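Okay, here's what each chain looks like letter by letter:
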Amino acid sequence: MATETLTLLSAREISKMRDAGRLAAELLDYLAPKVKPGVSTQELNDVAESWTQKRGAKSAPLGYNGFPKSICTSVNEVICHGIPNSRQILKEGDIINIDVTPIVDGYHGDTSRTFFVGTPSPLAQQLVEVTEECLRRGIAAVNPGGRIGDIGAAIQEYAESFGFSVVRDFVGHGVNTTFHTAPQIPHYGTRDKGKRLRKGMVFTIEPMINEGTWEAVILDDGWTAVTKDGKLSAQFEHTVAVTDEGVEILTLRD
Ligand code: MF3
Ligand code: CO
Ligand code: CO
């Protein structure tokens, strides 16, 4: 059996990840006010791409395993990997996750947020708020000497206490000069189980929380993952590093 290598990043490499992460956070802040009724997901893609190019960075999703666009735009029942499209116009009451990953000097900054288009329904608002809190609790569970299962347990416990479900088919991941690498970070699980967390590990936590069933279906485009029951799904993502003290979020602006 092949031995899976877990990369531990040096302080210098983490500083590179911080630069990429900062740019990713700035990109989401730039896109946030553009999320409005009447805007197409293609327009969001195009302004994200030109903003990224202007800063000398590259959009990791573009061409990644054949993905055709620069960002992922996942609306309502789309769990993740929604493909921007000029015929997809945002409307009042939609929720949309925008997931960006600029590459800066070879390093990936991977982060996403779910935005409201106009005023959300009370249920949509609760789902999105609970999902953001799931990410916060998952991050707070990271400690050197802790285990990967601590993260998923914290997220699952909170999400399910509202009757929501945790997506199983997509997980967080190691990220560095490679977009997706070991370890896998499930957003469900059991405390004190799984690999030990070590200083220098860098990975994403990106819970996808569903209103109804956790089951996913992939559309014929080969990418778009939707909820099997057509109910809402929300997601938030940060890239984090395990530190001596606990954890540092890398996808923040100054
Ligand atoms: N940014 C996504 C993640 O969080 C991955 C998108 S891969 C793409 O891992 F090909 F769909 F862009
Ligand atoms: Co992402
Ligand atoms: Co990710």
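The residue count restarts for each chain, going from 1 along the sequence in the order it is written. A letter from A marks each chain and a number from 1 marks each ligand, given out in the order of writing. Confidence filtering applies because this is a predicted model: local features only for residues at pLDDT of at least 70, side-chain atom pairs given and counted only at 80 or more, and all residues used for totals across whole chains, interfaces and linings. Water and hydrogen atoms were dropped before computing side-chain values, which therefore reflect all heavy atoms in the structure.

Summarise the overall build of the protein chain; cite the residues concerned and give the values.
Put simply, DSSP marks the helices as runs of H or I at least four residues long and the strands as runs of E at least two long, and each gets a number from the N terminus on. Within the protein chain, the regular secondary structure consists of four helices and 17 strands. Every radius of gyration here is taken over C-alpha atoms, with the globule rule written as 2.2 Å times N^0.38, N being the number of residues. Computed over C-alpha atoms, the radius of gyration of the protein chain comes to 17 Å, within 12% of the 18 Å expected from 2.2 N^0.38 for 254 residues, which places it in the range of a compact globule. Oriented by its inertia axes, the alpha-carbon framework of the protein chain measures out at about 45 × 45 × 40 Å. Charge centroids of the protein chain, computed over 26 positive and 33 negative side chains, lie 4 Å from each other. In this count, Lys and Arg are taken as positive residues and Asp and Glu as negative ones, while His and the chain termini are left out. Taken as the charge location is NZ of Lys, CZ of Arg, CG of Asp or CD of Glu.

Go over the site of ligand 1 with me, naming the residues and quoting the values.
Around ligand 1 there are 14 residues in total, and P61, H173, H180, E206 and E237 lie nearest to it. One nitrogen or oxygen atom from the side chain of H180 is found 2.7 Å from an oxygen atom belonging to ligand 1. For ligand 1, an oxygen atom lies 2.9 Å from a polar atom in the side chain of E206. In the complex, the protein chains occlude 97% of the 340 Å² of accessible area that ligand 1 would expose alone. Ten residue types, Ala, Val, Leu, Ile, Met, Phe, Trp, Tyr, Cys and Pro, are classed as nonpolar, four, Asp, Glu, Lys and Arg, as charged, and the remainder, Gly among them, as polar. By residue class, the composition of the shell around ligand 1 is six nonpolar, four polar and four charged. Any residue with a heavy atom lying within 4 Å of a molecule or strand is counted as near it. Here a polar contact is recorded for every N or O atom pair within 3.5 Å, except that within protein the pair must consist of a potential hydrogen donor and a potential acceptor, and residues adjacent in sequence are included only if both atoms are side-chain atoms. All accessibility values rest on the Shrake-Rupley procedure with a 1.4 Å probe; residue burial counts only the protein chains present in the view.

An account of the coordination of the cobalt ion (ligand 3) is needed here, citing residue identities and associated values.
A donor here means any N, O or S atom no more than 2.8 Å from the metal (3.2 Å for Na, K and Ca); water is not included, so a site may seem to lack partners. Every protein donor of the cobalt ion (ligand 3) is listed here as D110 (OD), H173 (NE2), E206 (OE) and E237 (OE), and their distances to the metal cover 2.1 to 2.2 Å. Here the metal geometry follows the donor angles, with tetrahedral for four donors whose angles all fall between 85 and 135 degrees, square planar for four and octahedral for six when opposite donors are more than 155 degrees apart and every other angle is between 65 and 115, and irregular for all the rest. The coordination sphere of the cobalt ion (ligand 3) comprises six donor atoms, whose angles at the metal cover 52 to 160°; the geometry is irregular. Sequence spacing among the residues donating to the cobalt ion (ligand 3) works out to D-x62-H-x32-E-x30-E. For H173, a relative accessible area of 6% corresponds to the buried category. Accessible area is worked out with a 1.4 Å probe on protein chains only. A residue is then buried under 20% of its type maximum, exposed over 50%, and partly exposed in between.

Report on the coordination of the cobalt ion (ligand 2), specifying residues and quantitative values.
Around the cobalt ion (ligand 2), the donor atoms from the protein are D99 (OD), D99 (OD), D110 (OD) and E237 (OE), and they sit 2.0 to 2.3 Å away. Between the six donor atoms coordinating the cobalt ion (ligand 2), the angles at the centre fall across 59 to 167°, so the site counts as irregular. The sequence pattern formed by the donor residues of the cobalt ion (ligand 2) is D-x10-D-x126-E. Between the two metals, the cobalt ion (ligand 2) and the cobalt ion (ligand 3), the spacing is 3.3 Å, and D110 donates to both. You can see D99 sitting in strand β4 (residues 95–100) and its partner D110 sitting in the loop between β6 (107–108) and β7 (111–116), a full eleven residues away along the chain. Accessibility assignment for this pair places D99 and D110 in one class, buried.

Explain helix α3 (residues 122–140) residue by residue, including any values.
Residues lying three or four places apart along an α-helix face the same way, a consequence of the helix completing one turn every 3.6 residues. The terminal C-alpha atoms of α3, which comprises 19 residues, lie 27 Å apart, in line with the 27 Å expected from a rise of 1.5 Å per residue. Considered for burial, the residues of α3 that qualify are A124, L127, V128, V130, T131, E133, C134, L135, G138 and I139. How far a helix is expected to stretch is found by multiplying one less than its residue total by 1.5 Å.

Which residues make up the packing of α3 against helix α4 (residues 148–160), and what are the values?
Look at α3 against α4: their axes get within 8 Å of each other, and the N-to-C directions meet at 155°. Relative to α4, α3 is oriented roughly antiparallel. As for the relative orientation of α3 and α4, their crossing is right-handed in sense. Where α3 approaches α4, its residues V130, E133, C134, R137 and G138 are matched on the opposing element by I151, A154, I155, Y158 and A159. Here the residues of the contact of α3 with α4 sort into seven nonpolar, one polar and two charged. Between N-to-C directions, angles span 0 to 180 degrees; the directions come from axes that are lines fitted to C-alpha atoms, helices contributing only their stretch in contact. Comment on the angle field: the value is read as roughly parallel under 35 degrees, roughly antiparallel over 145, roughly perpendicular from 65 to 115, and oblique elsewhere. A crossing counts as left-handed when the near helix is turned anticlockwise from the far one by less than a right angle, and as right-handed when that turn is clockwise. It only takes one pair of heavy atoms within 4.5 Å for two residues to be counted as in contact.

I'd love a proper account of the environment of T7, names of residues and values included.
Along the polypeptide, T7 turns up in the segment before α1 (11–31). Dropping the residues within four chain positions of it, T7 is found in contact with N176, G200 and M201.

Please provide a residue-by-residue account of the pattern of salt bridges, values included.
Any Lys or Arg side-chain nitrogen located within 4 Å of an Asp or Glu carboxyl oxygen qualifies as a salt bridge. Under the criterion given, the structure shown has twelve salt bridges. Taking the shortest distance from any N to any O, the salt bridge between K199 and D244 comes out at 3.3 Å. Of the two residues, K199 is situated in the loop between β10 (181–185) and β11 (202–205) and D244 in the loop between β16 (238–242) and β17 (247–249); the sequence distance between them amounts to 45 residues.

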